[in-house]
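# Structure assessment
Chain by chain, the residues run as shown.
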Amino acid sequence: MKNSEHDLSEPLIHSAPRTRVDFPPTENISHGLQKYSKNGVDPKLLSSIVQVRQGVLRVRTTTPKNTEPRGCRVVAQNLTRHFGDHVALDGLNLTIEPGQTLGLLGANGAGKTTFIRLVTGYLMPSAGEVQIDAYSPTKNAKEVHAKIGYAAETSQLYADLRVRSFLRFAGAIRSIPRAKLETRIDAILQQFQLEDVQKRLIGHLSKGYKQRVTLAQAFLHNPELLIVDEPTSGLDPVQQEEVCNLLRTSQGERTVILCTHNLNEARMLSDRIAVLHRGRLVAEGTPESVLQHESASGLFRGQTLLGAHPSVDNAAPRENA
Amino acid sequence: MSFHRLHHLVRKELLVLFGSPVAYLTLALISLITSLLFFDLLRDYNQVLFLYTSNTMRGFELGTIPAYINIRDQVFVPLMSQLGGALIAIIPLITMRVFAEEKTQGTQEFLLTTELSDTEIVLGKFVATFLFAALLVGVSFVYPAAAIVRSGLGVGHLFAVYIGLLMLTFGLAAIGLACSALASNQLVAAVSAYAVAFTFYDFSWANAFVNEWTGALLGAISLLPHFTSFASGLISFADIAFFASVTVLSMAIARLSLDLVRIR
């Protein structure tokens, strides 16, 4: 599907409108919830109590997600990248299914950013290939770039532009139709809580806000493949939580490649985890299976019980894990 | 090629340019340099004229003022030559950041992973820089225009000189942009642009050391001789084609530099 055909009016979070249930202030919340469920709403659909104020319980209900997975399929086959004599990525084979969130773990220099740059087409592979829905990032750059939203590790922002101007530029060069652009920017500013700073110069923003702007531009065109490189790097714990919450909204909505050092972040946000060490894939599987088998320090040193085959889904747990 | 995307890229480039003090500083600097050069030449011209018209020489009465003592030859022509030199000093300050700053800020990766094609990126940056260069020439052209009008050279001559100055500026900007595209940072971009622009500005000094054929070749690839004909009021297709070739060559180098990023 071409980017211009995306339905940009659809919400970023699958949620029904907030529902009001009025109950006397003397009644407790559980009573309010019982009353709410009597109105014909399945209590299992209640995802969170959003607000209880002045005797009004506002509840957000979760719409059952479309069972058809969204996003694109990413396949790396024997992907290799050299920088002179240095081998940054060595024969990587990896498949990311549509709608899946892949946590890409590894120490500094493991090859995570190189892999991401090969997926985005910013670098050309020395050998092997990567395909995104059967498109090559180097041969079909336009088709691939229309599918990708990329938030890089270092904030790729123009310090001399204002937040709204930057988002307008980012949207326009991603072929968001002119008629929808301003509406879309308003929605994304609200989604990422950037409304208050939309007229400020990006160079004057705090690191947390810059990270939000970086993520906002990546979400702007509702991409099928979202790539985020170290999204919480250098942020304080509160800001890290905010960024994680923003990424959580994306789960199941699109394919996500999350590149991180943070094991907790990877565990919470990923459907699968792949661990790279010196350019090679040393472990791959569900977060539970990978993190159950490998100690954190072992993962980053590239130790694995798996020998030649990196998949850990069916491997036996490590005794002293 | 999408004109919508191109329009927004040009707009972004101009916003970034005018978001920094460099744009205002260069506009102020070129105004200052042009006015100083103009009034200095005008003062010299007035002094010479004063000598010829003094009681001793009585130039007007006797008709002994040489033909070359006129505002065109004494003020306008040297001003154009000196303005060309001033542009060599000013233009690299504008062009140095255009590509190199994207590399140092990391925004190049952002641009190269959007739907913008490499050609659109290069074209957008060249168009934005040329628009600013046209503004720069407009600002610097106020005094020369006054000299042309006062000397009675006519609107046609004025137009030819303005086109020539614009072509020279575009040529210098194209050289600066190619250097910025190849350089890893703004300082290297500026220094290399100065070196290339000074080298190719005028090769006439080399005529004493080379044979006739080589001298003609060096003259053909120099910027100044192609500008001089505009200054004398001639709009030559060959000179326009020369500056267009410099621009196209520089764009090709800039486009190639983006490919080099991917295979580095």
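What you see is a predicted model, and the numbers here were worked out from it, not measured in a lab.

## Some thoughts on the interface of chain A and chain B
Contacts between chain A and chain B engage 32 residues on the former and 27 residues on the latter. In total, chain A and chain B occlude about 2900 Å² of area from one another, counting both sides; carbon and sulfur atoms represent 56% of this. Three residues stand out in chain A for area buried against chain B, namely Y122(A), Y158(A) and I173(A), and they jointly supply 25% of the buried area on that side. Summed over the shared surface of chain A and chain B, the result is 1 salt bridge. For the salt bridge of E109(B) with R117(A), the shortest nitrogen-to-oxygen distance reads 2.9 Å. Linking chain A with chain B are 15 residue pairs in polar contact (both at pLDDT 80 or more).

## Quick notes on the environment of L246(A)
Residue and element names in this part refer to chain A. Of note, L246 is situated in helix α7 (residues 237–248). With relative accessibility at 10%, the residue L246 sits in the buried group. With 55 residues separating them in the primary sequence, L246 and Q191 have C-alpha atoms 8.4 Å apart. Non-local contacts of L246, meaning those with residues more than four positions away in its chain, are made with Q191, F192, R212, L215 and F219.

## Focus: the pattern of salt bridges
Considering all chains together, one arrives at 23 salt bridges over all chains under this definition. The residue R164(A) makes a salt bridge to D186(A) at a minimum N-O spacing of 2.9 Å. Here R164(A), found in helix α4 (residues 163–172), pairs with D186(A), found in helix α5 (residues 178–191); they are 22 residues apart in sequence, far enough to count as distant. Using a relative accessible area of 15% as the deciding quantity, one classes R164(A) as buried. Its relative accessible area of 40% is what places D186(A) among the partly exposed residues. Its salt-bridge partner being D259(B), residue R255(B) comes within 3.1 Å of it at the nearest N-O pair. Linking R255(B) with D259(B), this pair stays in helix α12 (residues 237–263), spanning 4 residues, or about one helical turn. Connected via shared salt-bridge partners are K12(B), E13(B), R97(B), E101(B), E102(B) and K125(B).

## Topic: unusual backbone geometry
Residue and element names in this part refer to chain A. The phi angle at S175 is positive, at roughly 60 degrees, despite the residue not being glycine. Tracing the sequence through the fold places S175 in the loop between α4 and α5. Phi angles above zero are rare outside glycine, and E230 is one such case at about 50 degrees. With respect to the helices, strands and loops of the structure, E230 is situated in the loop between β9 (225–229) and α7.

## With respect to the pairing of strand β10 (residues 255–260) of chain A
Residue and element names in this part refer to chain A. The buried fraction of β10 amounts to 6 of the 6 residues, a majority that puts the element mostly inside the structure. Side chains of β10 alternate between two faces, with T255, I257 and C259 and V256, L258 and T260 buried alike. Looking at chain direction, strand β6 (residues 101–105) and β10 are connected through 5 bridges and run parallel. Note on β10: the bridge partner recorded for L102 is I257. Pairing geometry for β9 and β10, over 5 bridges, is parallel.

## Let's talk about the sheet that holds strand β5 (residues 86–96) of chain A
Residues and elements named next belong to chain A. In space, the 3 strands of this open sheet follow the order β5-β4-β7, with antiparallel pairing throughout. At either end of the open sheet lies a strand with only one pairing partner, and these are β5 and β7 (127–132). Strand after strand, the sheet turns through a mean of 20 degrees between neighbouring axes, direction not considered. Summarising the sheet, strand β4 (residues 74–83) and β7 pair through 5 bridges and their orientation is antiparallel. Across the sheet, the residue bridging to T80 is A127, located in β7.

Calculation criteria
Residues numbered from 1 in each chain as written. Chains lettered and ligands numbered in written order. Predicted model: local features only at pLDDT ≥ 70, side-chain atom pairs only at ≥ 80, totals over all residues. Heavy atoms only, no water. Contact = heavy atoms within 4.5 Å. Buried area = accessible area lost by both parts, 1.4 Å probe. Salt bridge = Lys/Arg side-chain N within 4 Å of Asp/Glu carboxyl O. Polar contact = N/O pair within 3.5 Å; in protein donor to acceptor, adjacent residues only side chain to side chain. Helix = DSSP H or I, 4+ residues; strand = E, 2+ residues; numbered from the N terminus. Buried < 20%, exposed > 50% of the residue type's maximum accessible area, 1.4 Å probe, protein only. Pairing = 2+ DSSP bridges. Axes fitted to C-alpha atoms, helices over the stretch in contact; angles between N-to-C directions.

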